[in-house]
Amino acid sequence: MPEMFEIEKQDYEKLFEFLAVHWKNDKAYWGNRLKFIWDENPAFNSESKRGIIAKENNQIVGFIGKFPALFQINYEATVSSNGIGLVVDPKYRGAGLGKKLKQAHHDLSQSTLTFATTPNKISVKINKALGFNLLPTGIGELNEFSIVPIRKNKSALFLLWMFRLSKSLKALPNVYAIPQLYLTNILNNVLKKQSSTSEIKDIDIAGPEFDSLWENTSKTYANTNIRNSKTLNWYLNSPVKPDIKLYAKYREDQVTGYILIRFAEFKKIKIALSLDLWVKEKEKTETVFDLIAFSALQAEKNKCNLMAVPHFSVKESSLLNDLGLVKLFGTHRNDLYWMPDDVKKNINTENSYFTYTQGDRFFAKEVL
């Protein structure tokens, strides 16, 4: 059986070559992506771990990555551990190497919150055996979205795809929602309702006003991402730029909320997907609506077929349901987490807010 090693900088060249052979995309892509989540990450420090590689005869035959993220747990700033990928050379598959890599990766994160948000079926099975559970969002086992249809035929097709891939009768409302797409001009209705007092900007660089927003809203949830300017600018400089956009609503010189958007594609259907939606509690409904309206308009300009806003929590789900958008049920959730038992008891649906910025989902191709 191959030996396990922590990933060091001197492993980069061979690792990037290994991933280019066994995964999609070339060596340069993997170099840019992994250097971004490791060396350019504002949460990365001298104690951070990059993950585990398996070697035999000095050749890499397996990989599992990890990277840190700034997080708060019980209102205290900390660093979480995010998983990325599991790759095993074909000749070692079925021999238990994947499970050993997962176990070694898990052992690196025994004292902190750990996310595994885009695993395949095999990874899900291994993670659950290691004690991982679904993130506590309160929305059930299926992903839920509110959508703004831009091109009705493509939006209807997306509803049908989600129903088919969910393999659940719980997603049957997707089919019933299709007439709503054709009977109502939802996009126009959304744009008409946008507040005339709103000033929303397309942000290239997040300034100190975003640090002020975080300072004023950090107590909204006990357990959530730390949203300072350094982290937001890191997202904006990801390898998928300019596909990630930050839109913020201002009142005078203060940010009252923002939405982080990723332009993505699913089954040749172009989508503007919300990765994070964070606003002040005061005038929350108006702010959320204005941000969605502005984002939908930008999505239309970018020739998207629809805009999709995930329901990240029970509170957000209730708010989005009241905005008159189309409700959509997606595939089964595979966003998992692990936490030491003495802390895990303090993480629940009421005090936690988990978005699509957990794990590497914010710039992975498989965003849904």
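In what follows, the structure referred to is the one given above.
Rules and cut-offs
- Residues numbered from 1 in each chain as written.
- Predicted model: local features only at pLDDT ≥ 70, side-chain atom pairs only at ≥ 80, totals over all residues.
- Heavy atoms only, no water.
- Salt bridge = Lys/Arg side-chain N within 4 Å of Asp/Glu carboxyl O.
- Buried < 20%, exposed > 50% of the residue type's maximum accessible area, 1.4 Å probe, protein only.
- Helix = DSSP H or I, 4+ residues; strand = E, 2+ residues; numbered from the N terminus.
- Axes fitted to C-alpha atoms, helices over the stretch in contact; angles between N-to-C directions.
- Parallel < 35°, antiparallel > 145°, perpendicular 65-115°, else oblique.
- Left-handed = near helix turned anticlockwise from the far one by under 90°.
- Contact = heavy atoms within 4.5 Å.
- Nonpolar A, V, L, I, M, F, W, Y, C, P; charged D, E, K, R; others polar.
- Pairing = 2+ DSSP bridges.
- Arc of directions from axis to C-beta.
- Expected span 1.5 Å × (residues − 1).

S.K.: I would appreciate a short explanation of the pattern of salt bridges in the present structure.
M.R.: Where charged atoms from two side chains of opposite charge come close, those side chains can pair. As enumerated under the stated definition, the model contains 15 salt bridges in all. K284 is paired through a salt bridge with E281; the nearest N and O atoms lie 3.3 Å apart. Residue classification places K284 among the buried positions, given a relative accessible area of 13%. Via salt bridges that share partners, K249, R251, E283, E286 and D290 belong to a single interconnected network.

S.K.: Which parts of the structure should I look at to understand the environment of N120?
M.R.: Counting through the fold element by element, N120 comes out in the loop between strand 5 (114-116) and helix 4 (121-129). A relative accessible area of 45% means that N120 is categorised as partly exposed. Separated by 35 residues in the primary sequence, N120 and G85 place their C-alpha atoms 9.4 Å from one another.

S.K.: Help me understand the packing of helix 1 (residues 12-22) against helix 2 (residues 27-37), please; the structure alone is not making it clear to me.
M.R.: To describe two helices that pack against each other, one gives the angle between their axes and the distance between the axes. Close contact between helix 1 and helix 2 brings their axes to 8 Å; oriented N to C, the two are set at 120 degrees. Relative to helix 2, helix 1 is oriented oblique. Crossing geometry of helix 1 relative to helix 2 is assigned as right-handed. Listed contacts from helix 2 to Y12, E13, L15, F16, E17, L19 and A20 of helix 1 are K27, W30, G31, L34 and K35. Considering only residue class, the contact of helix 1 with helix 2 consists of seven nonpolar, one polar and four charged.

S.K.: Would you explain the sheet that holds strand 10 (residues 244-251) in this entry?
M.R.: Either a parallel or an antiparallel arrangement is found when strands of a sheet pair, and the pairing is made through backbone hydrogen bonds. The sheet built from seven strands is open, its strands ordered 8-10-11-12-13-7-14 with mixed pairing. Each of the sheet's edge strands pairs with one partner strand only, and the pair in question is strand 8 (199-203) and strand 14 (326-332). Averaged over all neighbouring strand pairs, the angle between strand axes comes to 30 degrees, with direction disregarded. One ladder, built from ten bridges, connects strand 11 (residues 254-266) with strand 12 (residues 269-279); its direction is antiparallel. When the sheet's bridge partners are listed, I261 is paired in strand 12 with S274. Contacts from helix 11 (residues 284-301) reach strand 7 (142-149), strand 8, strand 10, strand 11, strand 12 and strand 13 (306-310), with the element oriented near 140 degrees to strand 10.

S.K.: How do you make sense of helix 8 (residues 186-193) when you look at a structure like this?
M.R.: Along an α-helix, a turn takes 3.6 residues, which lines up residues three or four apart on a common side. When helix 8 is considered as a whole, its buried residues turn out to be I186, L187 and V190. Each buried residue of helix 8 sits inside an arc of 100 degrees when the element is viewed along its axis, so together they form one side. Elements that come into contact with the buried residues of helix 8 comprise strand 7, helix 7 (178-183), helix 11 and strand 14.

S.K.: Before we go on, may I ask you to explain helix 5 (residues 152-166) in this structure?
M.R.: End to end, helix 5 covers 21 Å across 15 residues, agreeing with the expected 21 Å (1.5 Å per residue, within 8%). When we look at burial in helix 5, the residues that qualify are S155, A156, F158, L159, M162 and S166. All buried residues of helix 5 fall inside an arc of 155 degrees around its axis, so they share one side. The exposed set on the far side of helix 5, more than 90 degrees from its buried face, consists of N153 and R164.

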